[in-house]
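# Geometric and topological summary
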Amino acid sequence: MSSVDKVVTTADLPQSIRRSTLDPEIKAFLQSTKLTLGGKEPFTDERRHHTEVLAVAPPQHLQHVKVEPLILPGPVGDMNVRCYHPSTQSKGQAKDKAGALIYIHGGGWTVGSLPEFDTFFRIMAEEGGVQVYALEYRLAPEWKYPTQLHEVEATLKWLHEKASARGVDPNRIAVGGDSAGGNMSAVTALRMREKSGPKIALQVLLYPECKVPFETQAGSENCTGLYLETQGVFLFAWNMLPQGKNHTDYDISPLLADKTLDKGHKNLPKAFIVTNGFDPLRDTGFEYAKKLKEAGNEVLYVNHEDLTHGFIQFTKWSKRAMDETVELARVVGRELSA
């Protein structure tokens, strides 16, 4: 069953979620590469290892996707953004206007680069039929909160202002990301509501970091050896947060927005949330889906019982990862269609 078939809507959110049997190809990939996120080695070594393993040439059938490099003005200097153009738009979109996804990559605010996600961006553009604007935001610990959030907001405002010239429908601009990028996407949706900022049509939250720290079954049973290390989340938070910043604030832990904001989780854009059985962040992502539902928002949700954190980057080595990445791109494309 594909993720399009497994995605549930707000009314049908499950009572609980679980893991089943780890995809054997992902298991073999992690064992052979020894790739970890949030391990004990210095973050500079982890950055290099990720580039060595994940920054690979895209598969042949995606090499034709047009990639446009952009330099945008940002709050602390120019920002590098790659725009991936689909060869065809999603059904239902006007011929001269496309949907768009501003994408914020994962890596605990500390690791990650656009080349490591290149295949994913191509899949999202081609299978979703949307323009993908991939932001190379400044990483921690060199750059602390809130620099990254300000860069995301600057990109969103720029695209809204330039939408017509870019062939984008301003009413069909999504913000999304995985892991720490999912965190920043959820936070951006909250911040735009609070500030009456540019409209977000959809928030795409792929195994998002919704609360720091966390004490969950997922964090315990997926503690180590499954790519993201549970203890590494605390290291990443330490890298990101300036001294004195409270980790329970909504703009660090969006799951707790109802504790610090008058509107809590009300009146937010429709959310598409993806979690994975073998992921320390599984349960907090699921809790965020339930919080959004309780606040009256529309939610699409799917849990992959056999996949790990980071699967959208593992498509070269796992057919399951490729299949589910293609399907999630189609869900996003469908949601951004008229």
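Residues numbered from 1 in each chain as written. Predicted model: local features only at pLDDT ≥ 70, side-chain atom pairs only at ≥ 80, totals over all residues. Heavy atoms only, no water.

## A look at the pattern of salt bridges
Rules: What makes a salt bridge here is a side-chain nitrogen of Lys or Arg within 4 Å of a carboxyl oxygen of Asp or Glu, nothing more. Helix and strand definitions follow DSSP, with helices as H or I runs of at least four residues and strands as E runs of at least two, each counted in order from the N terminus. Buried residues are those whose accessible area, probed at 1.4 Å on protein chains only, stays under 20% of the maximum for their type, while exposed residues exceed 50% and partly exposed ones sit between those limits.
The full count for this structure, using the stated rule, is 26 salt bridges. Among the ionic pairs, Glu-324 bridges to Lys-6, the shortest N-O distance being 3.6 Å. Here Glu-324, found in helix α11 (residues 319-335), pairs with Lys-6, found in helix α1 (residues 3-6); they are 318 residues apart in sequence, far enough to count as distant. The exposure class of Lys-6 is partly exposed, given its relative accessible area of 24%. With its nearest N and O atoms 3.2 Å apart, the salt bridge here joins Arg-18 to Glu-305. With Arg-18 in the loop between α1 and α2 (24-33) and Glu-305 in strand β8 (residues 299-308), this residue pair connects regions lying 287 residues apart in the sequence.

## Describing α11
To keep it simple, the criterion reads: Between the first and last residue of a helix there are one fewer steps than residues, each counted as 1.5 Å, and that sum is the expected span. Counted as a polar contact is a pair of N or O atoms within 3.5 Å, where, for protein atoms, one must be capable of donating a hydrogen and the other of accepting one, and residues adjacent in sequence contribute only when both atoms are in side chains.
Compared with the 24 Å implied by 1.5 Å per residue over 17 residues, the 25 Å span of α11 between its first and last C-alpha is a close match. Within α11 the residues assigned to the buried category are Ala-321, Met-322, Glu-324, Thr-325, Val-326, Glu-327, Leu-328, Ala-329, Val-331, Val-332 and Gly-333. Regarding α11, its N-cap is Ser-318, as a side-chain oxygen of that residue lies 3.4 Å from the backbone nitrogen of Arg-320 further along.

## What about helix α5 (residues 147-166)?
Each full turn of the α-helix corresponds to 3.6 residues, which orients residues three or four apart in the same direction. Heads up, the rule is: Two axes define the bend at a residue: one fitted to the seven residues ending there, one fitted to the seven starting there, and the bend is the angle between them.
Considering bend angle alone, the principal kink of α5 is centred on His-160 and spans about 45°. Of the residues one or two after α5, Gly-167 is the one with positive phi, at around 75°.

## Re the UniProt feature "domain: Alpha/beta hydrolase fold-3" (unreviewed entry) in the protein chain
Under the convention used in this document: UniProt positions are given in the numbering used here, feature names are shortened, and annotations may be inferred rather than shown by experiment.
The UniProt record annotates "domain: Alpha/beta hydrolase fold-3" (unreviewed entry) at residues 101-312. The span residues 101-312 is 38% helix and 21% strand, and its two end C-alpha atoms sit 16 Å from each other.

## A short note on the sheet that holds strand β4 (residues 131-136)
The condition that has to hold: Any two strands with at least two DSSP-identified bridges between them are counted as paired. Lines fitted to C-alpha atoms define the axes, with helix axes restricted to the stretch in contact, and inter-axis angles between N-to-C directions lie between 0 and 180 degrees. Whether two residues are in contact is decided by their heavy atoms: any pair within 4.5 Å suffices.
In spatial order, the strands read β1-β2-β4-β3-β5-β6-β7-β8; together these 8 strands make up an open sheet with mixed pairing. In this open sheet, the two strands that pair with only one neighbour each are β1 (66-72) and β8. Ignoring strand direction, the axes of neighbouring strands in this sheet form an average angle of 20°. Running over the sheet, α11 touches β6 (202-206), β7 (271-278) and β8 and is turned about 175° from β8.

## Focus on unusual backbone geometry
Following Ala-140, the chain continues into Pro-141 via a peptide bond in cis, with omega recorded as 5°. Considering the arrangement of structural elements, one finds Pro-141 in the loop between β4 and α5. Of note, the bond from Tyr-145 into Pro-146 is cis; its omega dihedral lies within 30 degrees of zero at 5°. Counting through the fold element by element, Pro-146 comes out in the loop between β4 and α5. Non-glycine residue Tyr-207 carries a positive phi angle of around 35°. Positionally, Tyr-207 belongs in the loop between β6 and α7 (217-221).

## A look at the nonpolar core
Stated precisely, the cut-off is as follows: What is meant by a nonpolar core is a set of buried Ala, Val, Leu, Ile, Met, Phe, Trp, Tyr and Cys residues, joined one to another through side-chain atoms within 4.5 Å.
Core analysis: the biggest nonpolar cluster contains 89 residues, and Phe-121, Tyr-133, Leu-206, Phe-272, Phe-311, Ile-312 and Phe-314 have the highest contact counts within it. With 7 residues, α11 is the single largest residue contributor to this core. Leave out the neighbours within four places in its chain, and Phe-272 touches Val-7, Leu-202, Gln-203, Val-204, Leu-205, Leu-300, Val-302, Leu-328, Val-331 and Val-332. In terms of nonpolar packing, the next biggest core, distinct from the first, is built from 19 residues, Leu-13, Leu-255, Ala-289 and Val-299 among them.

## Topic: the packing of helix α4 (residues 118-128) against α11
What counts, and what does not: Convention used here: angles under 35 degrees read as roughly parallel, angles over 145 as roughly antiparallel, angles from 65 to 115 as roughly perpendicular, and any remaining angle as oblique. Should the near helix be turned anticlockwise from the far one by less than a right angle, the crossing is left-handed, and should it be turned clockwise, the crossing is right-handed. Residue polarity follows a fixed list, in which Ala, Val, Leu, Ile, Met, Phe, Trp, Tyr, Cys and Pro are nonpolar, Asp, Glu, Lys and Arg are charged, and the others, Gly among them, are polar.
Close contact between α4 and α11 brings their axes to 8 Å; oriented N to C, the two are set at 50°. The angle between the axes of α4 and α11 places the two elements in the oblique class. With respect to the hand of their crossing, α4 and α11 are arranged in right-handed fashion. Residues Phe-120, Ile-123, Met-124, Glu-127 and Gly-128 of α4 touch α11, and the partners they reach there are Met-322, Thr-325, Val-326, Leu-328, Ala-329, Arg-330, Val-332 and Gly-333. Its residues assigned to classes, the contact of α4 with α11 shows 8 nonpolar, 3 polar and 2 charged.

## Thoughts on the packing of aromatic side chains
This is how it is decided: The aromatic pairing rule takes the rings of Phe, Tyr and Trp, using the six-membered ring of Trp, and pairs them if the centres are within 6.5 Å, calling planes under 30 degrees apart stacked, those over 60 edge-to-face and the rest tilted.
The tally for this structure, following the rule as stated, stands at 11 aromatic pairs. Consider the rings of Phe-117 and Phe-121, whose centres lie 6.1 Å apart with planes at 25°: the pair is stacked. Owing to a relative accessible area of 2%, Phe-117 belongs among the buried residues under this scheme. Judged by centre distance (5.3 Å) and plane angle (80°), the rings of Tyr-227 and Phe-314 are edge-to-face. In this pair, Tyr-227 is assigned in the loop between α7 and α8 (230-240) and Phe-314 in the loop between β8 and α11, connecting sequence segments 87 residues apart. The burial state of Tyr-227 is the same as that of Phe-314; both residues are buried. An aromatic cluster is built from Tyr-84, Tyr-103, Phe-117, Phe-120 and Phe-121, whose rings are joined through pairwise contacts.

## With respect to the environment of Arg-334
Tracing the backbone through its elements, the reader meets Arg-334 in helix α11. Residues Arg-334 and Val-130 lie 204 residues apart in sequence; the distance between their C-alpha atoms is 9.8 Å. There is a polar contact of 3.2 Å between the side chain of Arg-334 and the side chain of Glu-335.

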